[in-house]
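Given next are the chains, with one letter for each unit.
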Protein chains: 2
Amino acid sequence: MTPTTIYFDFLCPYAWRGLELADVLRRDHAQTFELRHFSLVQGNHPENAASRHVPIWWLTDQASDGGSAAQSGSLRAFLADQAAAKQGEEARWAFALALFRAVHQGKAELNEATLQAAAQTAGLDLARFDTDRQDDQSRADLRADLAAAAELGVFGTPTFVLPQGHAAYFRFANLVPPQQALDTYQLYVSVLESDARIETVKRAKRA
Amino acid sequence: MTPTTIYFDFLCPYAWRGLELADVLRRDHAQTFELRHFSLVQGNHPENAASRHVPIWWLTDQASDGGSAAQSGSLRAFLADQAAAKQGEEARWAFALALFRAVHQGKAELNEATLQAAAQTAGLDLARFDTDRQDDQSRADLRADLAAAAELGVFGTPTFVLPQGHAAYFRFANLVPPQQALDTYQLYVSVLESDARIETVKRAKRA
C-alpha cells in the first residue's frame with residue numbers, strides 16, 4: 001500500500017494538528033503515512049523568493065547554532081527527528097508527536113532541553129539518538145526531504161501527498177477529536193479528488 | 001432566506017466557473033445568491049500592498065478608458081453589470097453569464113463590442129443599459145461592492161460568503177456539469193462548516 005506522505009515543520013502549529021490527525025488515522029484506521037520535512041525558514045527565505053522549486057539558500061547548509069532561533073531550532077529539531085527515525089517507525093512517531101506537543105501545547109522553546117525531553121518521552125535509545133543526530137547521514141536525509149519538497153512545490157505545512165499524486169496544504173485551526181478524524185480527513189481527500197479539480201479553498205480574513 | 005454572496009471579477013476564469021455553478025444551484029436547487037464585485041486589478045495594485053482592508057488605489061477613481069486593458073476592461077464590465085442589475089435579477093444573471101462566456105469560452109476581448117453583444121444576448125433594454133452604465137449611480141454601487149469586499153478581506157474570485165458568515169475563495173479548474181453542481185458545492189460548504197475550522201486547502205504545484 002502506497003503511503004500518504006506528510007511534509008511538516010516543527011515550527012508550525014498547523015503541522016502539529018495535521019500530524020495528530022494522521023496519527024489517529026494510522027492507529028485506528030489502518031492508513032499509512034510517511035513523514036518528511038519541509039522547512040518554513042528555507043521556504044520563506046528572501047534568497048529563495050525567485051523560485052519555490054530551485055532553492056538557493058538551504059537550511060542544511062547552515063551551522064546548527066547559526067541564524068535566528070527559528071532557524072537553528074528547526075534545523076536541530078529536523079536532525080533530531082531524522083535520528084529518531086533510525087530507531088523505527090513507532091519511535092519516530094512518538095518522538096515527533098512528543099516534540100510537537102511540547103512546543104505547541106506545552107509552549108516549550110524548540111531548544112536542546114526540549115529535544116532531549118521529547119527523546120525521553122518517546123523512549124528512544126538516548127545514546128544512539130545523540131550519535132545519530134550529529135551524523136552526516138541525518139543532514140543528508142534532511143536534505144533529501146527538502147529537495148523532494150521543493151520539487152513538489154510544497155509551500156506550507158502540513159502538506160499531504162496522496163497515493164494517487166494529489167498534493168495540497170491542509171490548514172485547520174482546531175485539534176480534531178479522534179472520533180471525527182476519519183470524516184475530517186475524508187473531506188480533505190474528497191476535495192482533492194473532486195472532478196471539478198478544486199485547486200484552492202481559502203478563507204478570507206475580516207479586517 | 002439570506003442569500004449567499006458571490007464576489008467576482010469578469011477577468012477571472014475561476015469566477016466564471018463559480019458563477020456557472022451558482023446559476024445551476026439557483027435554477028435547479030432553489031438556492032439564492034447575491035452578485036457583487038471584487039476587482040483583481042485593485043486588489044493586486046502595488047499601492048494597495050500594505051493592507052487588503054484599506055485600499056489606497058480604487059478602481060472607481062479611474063477614468064473608464066485609463067490604465068491597462070485589464071484595468072479599463074474590468075471597470076467598464078463592472079459598470080455595465082451594475083447597469084444590467086437595474087433591469088432585474090434575471091436580466092443581471094443573463095448579462096453576467098453572457099459576458100463571462102464571451103470572454104472565457106469565446107475568448108473575446110473585454111471591450112465595448114463584447115459588452116454590447118452580451119447586453120443583446122441577455123435581452124436587456126439597450127437604451128436604458130447605455131444610460132445607466134454612464135450614470136454616477138453605477139460607479140457608486142461598484143464602489144460599495146469594492147468597499148464591502150475590502151472589509152471582508154476578499155483577495156481572489158470567486159469568493160462565496162455563506163449565510164452563516166463563512167467566507168472563502170473557491171477556485172476550481174473544471175466547469176462542473178449540472179448534475180454534479182450540488183455535490184461539488186456541498187463539498188465546499190462542508191469544508192467551511194467542519195468543526196476542524198479548516199482555513200486553507202491549496203494544491204502544491206510541481207516544478
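These numbers were taken from a predicted model, which means no experiment stands behind them. (Residues numbered from 1 in each chain as written. Chains lettered and ligands numbered in written order. Predicted model: local features only at pLDDT ≥ 70, side-chain atom pairs only at ≥ 80, totals over all residues. Heavy atoms only, no water.)

## Considering the pattern of salt bridges
Opposite charge on two side chains allows them to pair when their charged atoms are near. Residue and element names in this part refer to chain A. For the structure on display, the rule yields 27 salt bridges over all chains. A salt bridge links Asp-141 to Lys-86, with the shortest nitrogen-to-oxygen separation between them at 3.0 Å. Of this pair, Asp-141 sits in helix α7 (residues 136-152) while Lys-86 sits in the loop between α3 (69-85) and α4 (89-105), placing them 55 residues apart in sequence. The shortest N-O distance in the salt bridge between Arg-133 and Asp-130 comes to 3.1 Å. Taken together, the residues Arg-133 and Asp-130, both in helix α6 (residues 126-134) and three residues apart, mark about one turn of the helix. Residue classification places Asp-130 among the partly exposed positions, given a relative accessible area of 29%. One continuous salt-bridge network, built from bridges that share partners, spans Asp-23, Arg-26, Arg-27, Asp-28 and Glu-90. (Salt bridge = Lys/Arg side-chain N within 4 Å of Asp/Glu carboxyl O. Helix = DSSP H or I, 4+ residues; strand = E, 2+ residues; numbered from the N terminus. Buried < 20%, exposed > 50% of the residue type's maximum accessible area, 1.4 Å probe, protein only.)

## Some words on the pairing of strand β1 (residues 4-8) of chain B
Residue and element names in this part refer to chain B. In terms of burial, β1 is a largely internal element, five of the five residues being buried. Alternating positions in β1 separate into two faces, Thr-4, Ile-6 and Phe-8 on one and Thr-5 and Tyr-7 on the other, with burial throughout. Pairing geometry for β1 and strand β2 (residues 33-37), over five bridges, is parallel. Along β2, the bridge assignment pairs Tyr-7 with Arg-36. In the classification by handedness, the crossover that spans β1, the intervening helix α1 (residues 13-28) and the parallel β2 is right-handed. Taken together, the three bridges between β1 and strand β3 (residues 159-161) define a ladder with antiparallel strand orientation. Across the sheet, residue Ile-6 finds its bridge partner in β3, namely Phe-160. (Pairing = 2+ DSSP bridges. Right-handed = clockwise from strand over helix to strand, strands pointing away.)

## Structural notes on helix α5 (residues 112-121) of chain A
Residue and element names in this part refer to chain A. Turning to α5, its buried residues are Thr-114, Leu-115, Ala-118 and Ala-119. End-on view of α5: buried residues confined to an arc of 135°, all on one side of the axis. Opposite the buried face of α5, at more than 90 degrees from it, the exposed residues are Ala-113, Gln-120 and Thr-121. Close packing links the buried residues of α5 with α3, α4 and α6. After α5 finishes, the residue Gly-123 shows a positive phi value of roughly 70°. (Arc of directions from axis to C-beta. Contact = heavy atoms within 4.5 Å.)

## Considerations on the environment of Asn174(B)
By secondary structure assignment, the location of Asn174(B) is in the loop between β4 (167-172) and α8 (178-193). In this view, Asn174(B) contacts Asp195(A), Ala196(A), Arg197(A) and Arg17(B); residues no more than four positions away in its chain are not counted. Side-chain polar atoms of Asn174(B) contact the backbone oxygen of Asp195(A), separated by 2.8 Å. (Polar contact = N/O pair within 3.5 Å; in protein donor to acceptor, adjacent residues only side chain to side chain.)

## Considering the packing of α3(A) against α6(A)
All names here are of chain A. At a closest axis distance of 8 Å, the pairing of α3 and α6 adopts a crossing angle of 125°. Between α3 and α6, the interaxial angle falls into the category oblique. Handedness of the α3/α6 crossing: right-handed. Of the residues in α6, those in contact with Leu-79, Ala-80, Ala-83 and Ala-84 of α3 are Phe-129, Asp-132 and Arg-133. Among the residues making up the contact of α3 with α6, the classes are represented as five nonpolar, no polar and two charged. (Axes fitted to C-alpha atoms, helices over the stretch in contact; angles between N-to-C directions. Parallel < 35°, antiparallel > 145°, perpendicular 65-115°, else oblique. Left-handed = near helix turned anticlockwise from the far one by under 90°. Nonpolar A, V, L, I, M, F, W, Y, C, P; charged D, E, K, R; others polar.)

## Thoughts on the interface of chain A and chain B
Each partner contributes to the interface: chain A provides 38 residues, whereas chain B provides 38 residues. The junction of chain A with chain B conceals about 4000 Å² of combined surface from both sides, 55% of it contributed by carbon and sulfur atoms. Linking chain A with chain B are two salt bridges. When contributions to the side of chain A that touches chain B are tallied by element, the ones reaching two or more residues are α7, β4 (167-172), α8 (178-193) and β5 (198-203) of chain A. (Buried area = accessible area lost by both parts, 1.4 Å probe.)

## Overview of the sheet that holds strand β2 (residues 33-37) of chain A
The mixed open sheet is built from 10 strands, whose spatial order is β2(A)-β1(A)-β3(A)-β4(A)-β5(B)-β5(A)-β4(B)-β3(B)-β1(B)-β2(B). The sheet is open, and its two edges are formed by β2 of chain A together with β2 of chain B, each paired on a single side. Between one strand axis and the next, the sheet turns by 25° as a mean value, whatever way the strands run. Running at roughly 55° to β2(A), α4(A) makes contact with β1 (4-8) and β2 of chain A of the sheet. Each of β1, β2, β3 (159-161) and β4 of chain A is contacted by α7(A), which is oriented at about 95° to β2(A), the strand it contacts most.

## Overview of the relation of the copies chain A and chain B
The two copies are related by a screw motion: chain A maps onto chain B through a turn of 180° and a shift of 0.0 Å along the axis, at an RMSD of 0.0 Å. Here the copies are linked by what is in effect a two-fold axis. Measuring from the rotation axis to each C-alpha of chain A, the shortest distance belongs to Val201(A), at 2.6 Å. A share of 100% of interface residues in chain A that are also interface residues in chain B marks the association as one of identical surfaces. (Least-squares fit on C-alpha atoms with pLDDT ≥ 70 in both.)

## Side note on the pairing of β5(A)
When you tally the buried positions in β5(A), you get five out of six residues, the bulk of the element. Sheet topology places β5(A) next to β4(B); five bridges connect them, and they run antiparallel. Of the residues in β4(B), the one forming a bridge with Thr200(A) is Arg171(B).

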